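Secondary and tertiary structure notes
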Amino acid sequence: MTQRSVQGATCEDVGPALTVPTIAEVPDEINVLALSAGGPWGGFGIGFLNGWSQAARNGGMPRPRFDIAVGVSTGAIFVTHAFLGAEHDEEIRSQLFSLSTRGVYRRRPILASLAGDSVASTHPLRERLERVITPALLDRVADAWLQQGRRLAVIAVDMDCGKPQLLDLTAVAVQRDRPDRVSRYIDYLMASSASPVAFPPVFVDGRMLVDGALRQHIPFPSQIAALMAGRERPGQRVNLYLIVNSPRLAVPQCVTDHVLLVALRTSDVWTGERANDSLALAMTDAVRRGWTARYVTPDGDLCQPVPPSEDYFNPAFMQCQFEYGRRLALEDGSSWQVRIDTLSPFEIKPVTQRHPCAR
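Residues numbered from 1 in each chain as written. Predicted model: local features only at pLDDT ≥ 70, side-chain atom pairs only at ≥ 80, totals over all residues. Heavy atoms only, no water.

This next bit is on the packing of helix H1 (residues 43-55) against helix H3 (residues 89-97). It is the contact of H1 with H3, at a shortest axis distance of 10 Å, that shows an interaxial angle of 150°. Here H3 runs roughly antiparallel to H1, going by the angle between their axes. The crossing of H1 and H3 is left-handed. Facing H1, whose interface residues are Gly43, Ile46, Leu49, Asn50 and Ser53, H3 presents Asp89, Ile92, Arg93 and Leu96. Looking at side-chain class alone, the contact of H1 with H3 contains four nonpolar, three polar and two charged residues. (Axes fitted to C-alpha atoms, helices over the stretch in contact; angles between N-to-C directions. Helix = DSSP H or I, 4+ residues; strand = E, 2+ residues; numbered from the N terminus. Parallel < 35°, antiparallel > 145°, perpendicular 65-115°, else oblique. Left-handed = near helix turned anticlockwise from the far one by under 90°. Contact = heavy atoms within 4.5 Å. Nonpolar A, V, L, I, M, F, W, Y, C, P; charged D, E, K, R; others polar.)

Below, the structure is given as structure tokens:
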């Protein structure tokens, strides 16, 4: 392998930066959607958004138009359609219901894994994204900024610098004459969901980018505030809606001793821990900033059985998560939580079932 040539001598943000102005007035209220990591648990968030679109009919909280949306990992994969609005709900649901493990990754031969940068190839996922992330879709993202002042981003991690990177999808979308506009946009989505070791990193301008969940499970208020720059005003209300796409404890599972399966299980275990920590940090900072912050998590009636690592993106499990999230959103609003004193891991009911490998 040869040393990479990196454009730029520092650990500054990955470009492009957004320089095109919007014609929209600064709003009195900003609604923010934050979508977390979660692997196959991401069906929960898709289902919750679907149900939220219909909740007002049952007297529940209406789903607002989001001025800012930010996704991490799994949340990054469907954040574009969630940002553009409820009219895309059926498209996201169809994508989820047609998804399978082979539609996300393929294992590489052992020798190829040892000589390469990951134990699986994510070409199937990229091919799926190439079918749905079209120039017309990016035009809608661009127009959302130019006409309405609305912004979209995902989060990855720069492995060399070790820092989170806020990847500005809007900045890419507005560059309509850029030949690699769609490819760059998909690179950002793939980078945000590139779980290290299991999946290959994505190289952008020579920089090695991997799953944003390596550093944080959900977007943080400081990153959201960066997207609000120039769009603030005194007395402005900020409503932050955090959808956490995974339970806050790892669910027991008998793990097969294969490097890919151990890598995926490692992601699951740290996801549970990072979910709790990141949520506590995000809620605390949002309260400190005077924002109104709410979150929802799939900590109740968990879908069973949890898929084995061999079939990580099991269709039946993801569809069960979708239905669970949808039902939760259609309830009377009690699914949204606002308290931060219950975010200690000691407040979460521990899993005390029989050992998953017991015979």
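Next, the rest of the story.
If you check helix H8 (residues 181-192), its first and last C-alpha atoms are 17 Å apart, about what 12 residues at 1.5 Å a residue would give, namely 16 Å. Judged by how many residues are buried, H8 sits mostly within the fold: 10 of 12 residues are covered. Arg181, Arg184, Tyr185, Ile186, Asp187, Tyr188, Leu189, Met190, Ala191 and Ser192 are the residues of H8 that are buried. (Expected span 1.5 Å × (residues − 1). Buried < 20%, exposed > 50% of the residue type's maximum accessible area, 1.4 Å probe, protein only.)

To continue, consider the packing of H1 against helix H11 (residues 315-329). Axis separation between H1 and H11 bottoms out at 6 Å; the angle between their running directions is 35°. With respect to the hand of their crossing, H1 and H11 are arranged in right-handed fashion. Of the residues in H11, those in contact with Gly43, Phe44, Ile46, Gly47, Phe48, Asn50, Gly51, Trp52, Gln54 and Ala55 of H1 are Met318, Gln321, Phe322, Tyr324, Gly325, Arg326, Leu328 and Ala329. Residue classes in the contact of H1 with H11 are distributed as 10 nonpolar, seven polar and one charged.

That bond from Gly15 to Pro16 is cis: its omega, 5°, falls within 30 degrees of zero. Even without being a glycine, Ser73 presents a positive backbone phi close to 55°. Topologically, Ser73 is positioned in the loop between strand S2 (68-72) and helix H2 (74-84). By relative accessible area, which is 6% here, Ser73 ends up buried. Positive phi is not limited to glycine here, since Asp205 has a value of about 55°. Mapped onto the elements of the fold, Asp205 is located in the loop between strand S7 (202-204) and strand S8 (207-211).

The element S8 is extensively covered by neighbouring structure, given that four of its five residues are classed as buried. Relative to S8, strand S5 (residues 151-158) runs antiparallel, the two sharing three bridges. Among the inter-strand pairings, Asp158 is bridged to a residue of S8, identified as Leu209. In this structure, S7 lies alongside S8, joined through three bridges in antiparallel fashion. (Pairing = 2+ DSSP bridges.)

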